[in-house]
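Structural characterization, general
Read off the chains here:
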Amino acid sequence: MDLLDQFIYNFTHNLFKPILLFFYLGFLIPILKVPLEFPPALYKALTIYLLIAIGWHGGEELAELTPDNLSDAVGFMLIGFTSNFIIGIAAYYALRNMTRLRKIDAATVAGYYGSDSAGTYVTAVGVLVTANIAYAAYMPVMLAVMEIPGCLVALYLVSKMRHSGVMDENGTMPGEPGYDPISGKVKEVKHHGQSQPIFSKKVLHEIFFNPGLYLLFGGIVIGYVSRLQGVHVTEANDKFFVVLFQGVLCLFLLEMGMTACSRLKDLKLGGKGFIAFALIAPNVFATFGIMVAHGYSMFLDQPFEVGTYVLFAVLSGAASYIAVPAVQRIAIPEASPTLPLAASLGLTFTYNVTIGIPVYIMLTTAVIQALPVN
């Protein structure tokens, strides 16, 4: 089977997996005006379950790693953190050139893309499991690690704007529509000679102890410690955290479909360049991720599983909709709350879970065949 046939096979089979069919079902609800509201409490419960389940299974697998494999995993985590930081910076400059967004909005959106998406990750895991494509045991830890850089990128860029002393109280800079020079001057006088901290204690707490990271890391630790005691200790819990995972994921994607569709209307606020960015960015950043992963594989002189490439591509090409929005509410209240979510959920998430995953499988196969390891 050549690459094109493989892509068509993965694409057509991915489109009609139960998890994607539930996503389409939810996506149609706003379009067809079906009077259905997904209970917020149920959505939170599903999110809690998925994060803990991902961590639990990852922790179990980590317990089986040899010391050498564990050191390789730590190296990959450092690379993943760095690559997502680079992606966040690149996204900012791309947005500045492709759109007419305010600098503060471009910085915030860039932060979303410098992070990752738990929803996209769990969907990719679901596809890989049903397709029997293996991946490295430590990838759930990568999910947690690669979520942080986007928060740092957004906070750093916005901090530079604030330290310029000319940003007005609405976050608008000189030369941007709606700029208020009076409030900008007031802020300049107010902050003159003061050294404002880039990261406050409250913001740092939100970054490193947000509910998503806490539950994910907590699940990893519990799964790891439990599996070290033997399979007999984890067997009963596996029935809940592993066996039920696919069914719970289907309900989660039903809600995600509803949310993604409802966010599409906000895209017009960003213009055509913004829409183009939301569709182009996942392909560019995911391809960058695949090349980074393959470079590390060649450095180690160890071939990676195809699924490892795909998940790293997803973590590179996805955009946050949980961690960064939470940080934004606290640290960047002047930025638009709708524009980043319109791009990350309305287009990038939708693209990744429907078309992106089979594209990344095809790209991975092409890279491995062109540049084989060993």
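In this text, all values refer to a predicted model and were calculated from it rather than measured experimentally. (Residues numbered from 1 in each chain as written. Predicted model: local features only at pLDDT ≥ 70, side-chain atom pairs only at ≥ 80, totals over all residues. Heavy atoms only, no water.)

**Side note on the overall build of the chain**
- Across its full length, the chain holds 17 helices and zero strands.
- Its C-alpha atoms give the chain a radius of gyration of 21 Å, near enough to 21 Å, the size a compact globule of 374 residues would have.
- When the backbone C-alpha atoms are referred to their principal axes, the chain occupies close to 65 × 50 × 45 Å.
- In the chain, which comprises 374 residues, the proportion classed as buried is 55%. (Helix = DSSP H or I, 4+ residues; strand = E, 2+ residues; numbered from the N terminus. Rg over C-alpha atoms; globule rule 2.2 N^0.38 Å. Buried < 20%, exposed > 50% of the residue type's maximum accessible area, 1.4 Å probe, protein only.)

**Re unusual backbone geometry**
- A positive phi angle, near 55°, is found at Lys-33, a position not held by glycine.
- Take Lys-33: it is sitting in the loop between helix H2 (18-32) and helix H3 (40-62).
- For Lys-33, a relative accessible area of 73% puts it in the exposed group.
- Residue Asp-301 is not a glycine yet carries a positive backbone phi of 60°.

**Considering the nonpolar core**
- Tyr-113, Tyr-121, Tyr-138, Met-139, Met-142, Phe-245 and Tyr-360 are the most contacted members of the largest nonpolar core, which totals 113 residues.
- Among residues more than four places away in sequence, those in contact with Tyr-121 are Ile-54, Met-139, Pro-140, Leu-143, Leu-311, Val-314 and Leu-315. (Core = buried A, V, L, I, M, F, W, Y, C linked by side-chain atoms within 4.5 Å. Contact = heavy atoms within 4.5 Å.)

**Some thoughts on the packing of aromatic side chains**
- Following the criterion strictly, the structure yields 18 aromatic pairs and no others.
- A centroid spacing of 5.4 Å and a plane angle of 40° characterise the contact between Phe-76 and Phe-304, whose relative ring orientation is tilted. You can see Phe-76 sitting in helix H4 (residues 67-98) and its partner Phe-304 sitting in the loop between helix H14 (272-300) and helix H15 (306-317), a full 228 residues away along the chain.
- A relative accessible area of 0% means that Phe-76 is categorised as buried.
- Among the aromatic side chains, those forming a connected cluster through ring pairs are Phe-76, Tyr-138, Tyr-296, Phe-299, Phe-304, Tyr-309 and Phe-312. (Phe/Tyr/Trp six-rings, centres within 6.5 Å; stacked < 30°, edge-to-face > 60°.)

**Digging into the side chain of Thr-308**
- Mapped onto the secondary structure, Thr-308 falls in helix H15.
- Excluding its chain neighbours within four sequence positions, the residues that come into contact with Thr-308 are Phe-76, Ala-134, Tyr-135, Ala-136 and Met-139.

**What to know about the pattern of salt bridges**
- Per the counting criterion, the structure on display carries five salt bridges.
- With its nearest N and O atoms 3.3 Å apart, the salt bridge here joins Glu-64 to Arg-227. Here the residue Glu-64 occupies a position in the loop between H3 and H4, and Arg-227 occupies one in helix H11 (residues 211-228), the gap between them amounting to 163 residues.
- Across the salt bridge formed by Glu-334 and Arg-162, the nearest N and O atoms sit 2.8 Å from each other. With a gap of 172 residues between them, Glu-334 in the loop between helix H16 (323-331) and helix H17 (339-370) and Arg-162 in helix H8 (residues 148-163) connect regions that are remote in the sequence.
- Of the residues examined, Glu-334 reaches a relative accessible area of 17% and is grouped as buried. (Salt bridge = Lys/Arg side-chain N within 4 Å of Asp/Glu carboxyl O.)

**Re the side chain of Ser-115**
- Mapped onto the elements of the fold, Ser-115 is located in the loop between helix H5 (103-113) and helix H6 (118-130).
- Ser-115 sits in the buried class, given a relative accessible area of 0%.
- Polar side-chain contacts of Ser-115 include one of 2.8 Å to the backbone oxygen of Glu-147.
- Contacts of Ser-115, omitting those with residues within four sequence positions, involve Asn-84, Met-146, Glu-147, Gly-150, Leu-315, Ala-318, Ser-320 and Val-324. (Polar contact = N/O pair within 3.5 Å; in protein donor to acceptor, adjacent residues only side chain to side chain.)

**Examining the confidence of the model for the chain**
- Residue-level pLDDT values for the chain average 88, and 93% of them are 70 or greater.
- Counted against residues more than four places away or in other chains, residues 185-195, with its pLDDT under 50, gives seven contacts. (pLDDT = per-residue confidence, 0-100.)

**Side note on the environment of Asp-180**
- Among the secondary structure elements, Asp-180 is positioned in the loop between H8 and helix H9 (181-191).
- Separated by 111 residues in sequence, Asp-180 and Met-291 place their C-alpha atoms 45 Å apart.

**Considerations on H6**
- The terminal C-alpha atoms of H6, which comprises 13 residues, lie 18 Å apart, in line with the 18 Å expected from a rise of 1.5 Å per residue.
- Burial in H6 covers these residues: Ala-118, Gly-119, Thr-120, Tyr-121, Val-122, Thr-123, Ala-124, Val-125, Gly-126, Val-127 and Leu-128.
- Looking at the residues trailing H6, positive phi occurs at Asn-132, about 60°. (Expected span 1.5 Å × (residues − 1).)

**What to know about the packing of H6 against H15**
- Relative orientation of the contacting elements H6 and H15 amounts to 160°, with a least axis distance of 9 Å. Between H6 and H15, the angle falls in the class roughly antiparallel. Considering how the two elements wind past one another, H6 and H15 form a crossing that is right-handed. On H15, the residues touching Thr-120, Tyr-121, Ala-124, Val-125 and Leu-128 of H6 are Gly-307, Val-310, Leu-311, Val-314 and Leu-315. (Axes fitted to C-alpha atoms, helices over the stretch in contact; angles between N-to-C directions. Parallel < 35°, antiparallel > 145°, perpendicular 65-115°, else oblique. Left-handed = near helix turned anticlockwise from the far one by under 90°.)

**Some points on the environment of Gly-212**
- By the secondary structure assignment, Gly-212 is in helix H11.
- Measuring from C-alpha to C-alpha, the distance between Gly-212 and Leu-51 comes to 6.9 Å, with 161 residues separating the pair along the chain.

**With respect to the environment of Pro-177**
- Structurally, Pro-177 can be placed in the loop between H8 and H9.
- Put simply, Pro-177 and Leu-101 are 76 residues apart on the chain and 9.9 Å apart in space, counted from C-alpha to C-alpha.

**Section: H5**
- The element H5 is largely enclosed, with a buried count of ten among its eleven residues.
- Among the residues making up H5, those that are buried are Ile-104, Asp-105, Ala-106, Ala-107, Thr-108, Val-109, Ala-110, Gly-111, Tyr-112 and Tyr-113.

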